[in-house]
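Coordinate analysis (summary)
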Amino acid sequence: MHRYFDRGALVKKMSRLAREELKHYELVLAIINRRGIEYKNLPSSNYVPHMRRYMRSLPLDLLVDELIVGAIIEARSCERFSILIPHLDEELATFYASLLASESRHFEDYLTLARTYATEDITSRIKLFTKIESEYINAPDSVFRFHSGIMN
Ligand SMILES: [Fe+2]
């Protein structure tokens with residue numbers, strides 16, 4: 001069977017990853033609740049849509065690009081958690097450190113899956129998306145989020 005049709009590894013890994021992310025979401029909700037912070041739905045930044053514009057359109061190419069972008073998002077999360085941790089109270093610092101550990105695992109998972117489903121070497125795609133991502137993160141942004149550009 002062509003690898004494109006064998007999505008077993010993808011489904012298994014992503015299902016676990018999604019469950020873990022939802023667990024984190026629930027933990028965040030509990031902390032927000034305990035601290036008396038009102039839950040608000042915040043519109044997303046343009047971070048992911050910006051990278052989406054550079055993704056290829058054929059299904060398998062799109063999957064590989066999405067997985068590469070997934071890996072980059074996780075890596076950027078690691079960077080942001082590690083910068084924030086020294087400035088947080090003990091409860092949040094411990095929680096964020098646990099998130100950082102998960103995100104670094106997710107980074108590896110996404111990259112492994114991208115390599116599994118790619119039909120050719122993905123180095124040039126990784127280079128392209130890290131460049132696009134880095135340019136976005138270092139440019140002025142109008143929305144302040146975990147993955148935003150620079151705020152003035
Ligand atoms: Fe993650």
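See the structure printed just above.
Just so you know, these numbers come straight off a predicted model, no measurement behind them.

Definitions and cut-offs
Residues numbered from 1 in each chain as written. Predicted model: local features only at pLDDT ≥ 70, side-chain atom pairs only at ≥ 80, totals over all residues. Heavy atoms only, no water. Helix = DSSP H or I, 4+ residues; strand = E, 2+ residues; numbered from the N terminus. Buried < 20%, exposed > 50% of the residue type's maximum accessible area, 1.4 Å probe, protein only. Contact = heavy atoms within 4.5 Å. Lys, Arg positive; Asp, Glu negative; His and termini not counted. Charge placed at Lys NZ, Arg CZ, Asp CG, Glu CD. 1 Å grid on protein atoms, 1.4 Å probe; cavity = no way out; pocket = protein on both sides within 12 Å on 5 of 7 lines; lining within 4 Å. Points joined across faces, edges and corners; volume = space filled by probe spheres on them. Nonpolar A, V, L, I, M, F, W, Y, C, P; charged D, E, K, R; others polar. Donors = N, O, S within 2.8 Å, 3.2 Å for Na, K, Ca; no water. Salt bridge = Lys/Arg side-chain N within 4 Å of Asp/Glu carboxyl O. Axes fitted to C-alpha atoms, helices over the stretch in contact; angles between N-to-C directions. Parallel < 35°, antiparallel > 145°, perpendicular 65-115°, else oblique. Left-handed = near helix turned anticlockwise from the far one by under 90°.

1. Observations concerning the overall build of the protein
Of regular secondary structure, the protein possesses five helices and zero strands. In the protein, the succession of α and β elements from N to C terminus is α-α-α-α-α. The principal-axis extents of the C-alpha atoms in the protein amount to approximately 50 × 35 × 25 Å. When each of the 152 residues of the protein is scored for burial, the buried share is 34%. Put simply, of all contacts in the protein between residues at least 6 apart along the chain, 71% involve residues at least 24 apart. Of the side chains in the protein, 21 bear a positive and 21 a negative charge, and the two mean positions are spaced by 3 Å.

2. With respect to empty space enclosed by the protein
Within the structure shown, the criterion is met by one cavity of 30 Å³ or more. By volume, the largest cavity is sized at about 70 Å³. In this structure, the largest cavity is lined by Arg56, Leu60, Asp61, Val64, Tyr117, Ala118, Thr119, Glu120, Asp121, Ile122 and Arg125. Top element by residues in the lining of the largest cavity is helix α3 (residues 59-84). It accounts for three residues. Of the residues contributing to the lining of the largest cavity, the split by class is five nonpolar, one polar and five charged.

3. Some words on the coordination of the iron ion
Only Glu21 (OE), Glu74 (OE), Glu74 (OE), Glu103 (OE) and His106 (ND1) from the protein reach the iron ion as donors, at distances of 2.0 to 2.4 Å. Going along the chain, you hit the donors of the iron ion in the pattern E-x52-E-x28-E-x2-H. Of this pair, glutamate 74 sits in helix α3 while histidine 106 sits in helix α4 (residues 90-117), and the two are 32 residues apart along the sequence.

4. Re the pattern of salt bridges
Throughout the structure, instances matching the rule amount to 13 salt bridges. Here lysine 13 ties to aspartate 109 by a salt bridge, and the two come within 3.6 Å at their closest N and O atoms. Taken together, the residues span a long stretch of sequence, with lysine 13 in helix α1 (residues 8-34) and aspartate 109 in helix α4 at a distance of 96 residues. Across the pair aspartate 61 and arginine 56 runs a salt bridge whose closest N-O atoms are separated by 3.8 Å.

5. Digging into the packing of α3 against α4
For the pair α3 and α4, the least separation of the axes is 8 Å and the interaxial angle reads 160°. Here α3 lies roughly antiparallel to α4, going by the angle between them. As α3 runs across α4, the sense of the crossing is left-handed. Of the residues that constitute the contact of α3 with α4, the class distribution is 19 nonpolar, five polar and two charged.

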